[in-house]
Amino acid sequence: MAVKDRDRFSTATRIRIIGEQTAARVYRSQTRRQARRSRLTGRAALLAMVFCSLVVALAYPIRQYVAQRAEIADLQREQRETRQRVEDLRDLKARWQDDAYAEQQIRLRLHYVMPGETGFVVVDPEAAEQTRAEAGAADRPWYRNVWDGVDKADAAARRQ
């Protein structure tokens, strides 16, 4: 026993015990770090990088696809509207082929009357007031009167 007690208190024994304890601590800390590190392995990082690369590579083509689909939808809508406009114009052309419709429009728009008829023009009182209000146009510069005439003609064209 004396040899054991002497080994127990010797410097070499103490250093060996401290070294073993330190090695055990280092081993425990390394296993903890490895447990934490093992959550994100190299394979998982590579997979994440490949996934991000795919997203970046496909973003532009997908955006182009969506934009082209929207453009196709707009063109189809425009085509339907144009076909409807063509149908309306064909109907109008067919109406103008009818002599009764042409006569009605000539009487309405040009104020023509048949021989033997008496033509009457009914004046709207509000329109007469507007005409009197425009009588002050002589006081304005000539270019303003011309411009107002252009605006009125444009407004009349839009109503028809």
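These numbers come from a predicted model, not from an experiment.

How each quantity is defined
- Residues numbered from 1 in each chain as written.
- Predicted model: local features only at pLDDT ≥ 70, side-chain atom pairs only at ≥ 80, totals over all residues.
- Heavy atoms only, no water.
- Helix = DSSP H or I, 4+ residues; strand = E, 2+ residues; numbered from the N terminus.
- Buried < 20%, exposed > 50% of the residue type's maximum accessible area, 1.4 Å probe, protein only.
- Areas by Shrake-Rupley, 256 points an atom, 1.4 Å probe, with all protein chains shown as cover.
- Patch = residues over 30% accessible without salt bridge, like charges linked within 9 Å, V, L, I, M, F, W, Y side chains within 5 Å.
- Salt bridge = Lys/Arg side-chain N within 4 Å of Asp/Glu carboxyl O.
- UniProt positions renumbered as here; feature names shortened; annotations may be inferred.
- Axes fitted to C-alpha atoms, helices over the stretch in contact; angles between N-to-C directions.
- Parallel < 35°, antiparallel > 145°, perpendicular 65-115°, else oblique.
- Contact = heavy atoms within 4.5 Å.
- Nonpolar A, V, L, I, M, F, W, Y, C, P; charged D, E, K, R; others polar.
- Expected span 1.5 Å × (residues − 1).
- Bend = angle between axes of the 7 residues up to and from the residue.

Describing the overall build of the protein
Alright, step 1. Each helix and strand counted, the protein has six helices and zero strands in total.
Alright, step 2. In the protein, the succession of helices and strands from N to C terminus is α-α-α-α-α-α.
Alright, step 3. A burial count over the protein gives 3% of its 160 residues as buried.
Alright, step 4. Here the protein has roughly 15,200 Å² of accessible surface; of this, 58% comes from carbon and sulfur atoms.

Details of a nonpolar patch on the surface
Alright, step 1. Taken together, the side chains of L46, M49, V50, L54, L58, I62, Y65 and V66 present a nonpolar region at the surface, about 800 Å² in accessible area.
Alright, step 2. Along the polypeptide, Y65 turns up in helix α3 (residues 42–97).
Alright, step 3. With relative accessibility at 52%, the residue Y65 sits in the exposed group.

Description of the UniProt feature "coiled-coil region" (unreviewed entry) in the protein
Alright, step 1. As annotated by UniProt and renumbered to match this structure, "coiled-coil region" (unreviewed entry) occupies residues 65–99.
Alright, step 2. Secondary structure over residues 65–99 splits into 97% helix and 0% strand, and the C-alpha atoms at its two ends are 53 Å apart.

Some words on the packing of α3 against helix α4 (residues 99–110)
Alright, step 1. Relative orientation of the contacting elements α3 and α4 amounts to 90 degrees, with a least axis distance of 5 Å. If you check the angle between α3 and α4, you find them roughly perpendicular. Contacts between α3 and α4 pair L92, R95, W96 and Q97 from the former with D99, Y101, A102, Q105 and R109 from the latter.
Alright, step 2. Looking at side-chain class alone, the contact of α3 with α4 contains four nonpolar, two polar and three charged residues.

Thoughts on the UniProt feature "transmembrane region" (unreviewed entry) in the protein
Alright, step 1. When the UniProt feature table is mapped onto this chain numbering, "transmembrane region" (unreviewed entry) sits at residues 40–62.
Alright, step 2. Taken end to end, residues 40–62 is 91% helix and 0% strand, and its first and last C-alpha atoms sit 30 Å apart.

A short note on the side chain of Q105
Alright, step 1. Mapped onto the elements of the fold, Q105 is located in helix α4.
Alright, step 2. On the basis of relative accessible area, Q105 is assigned to the buried category, the value being 9%.
Alright, step 3. Those residues within four positions of Q105 in sequence are excluded, and the remaining contacts are W96 and L110.

With respect to α3
Alright, step 1. Its 56 residues place the ends of α3 82 Å apart at the C-alpha level, agreeing with the 82 Å of an ideal helix rising 1.5 Å per residue.
Alright, step 2. In the structure, α3 departs most strongly from a straight axis at A59, where the bend amounts to approximately 35 degrees and where the proline P61 lies between one and four residues downstream.

Some points on the pattern of salt bridges
A side chain of one charge can pair with a side chain of the opposite charge if their charged atoms are brought near each other.
Alright, step 1. Evaluation of the coordinates by the stated rule reveals five salt bridges.
Alright, step 2. One salt bridge connects R77 with E81, and the closest N-O pair in it is separated by 3.2 Å. Remark: E81 and R77 occur in helix α3; sequence separation between them is four residues, near one turn of the helix.
Alright, step 3. In this structure, R90 and E87 form a salt bridge, with 3.3 Å as the shortest nitrogen-oxygen distance. Here the residue R90 and the residue E87 both occupy positions in helix α3, the gap between them amounting to three residues, near one helical turn.
Alright, step 4. On the accessibility criterion, E87 (39% relative accessible area) is partly exposed.

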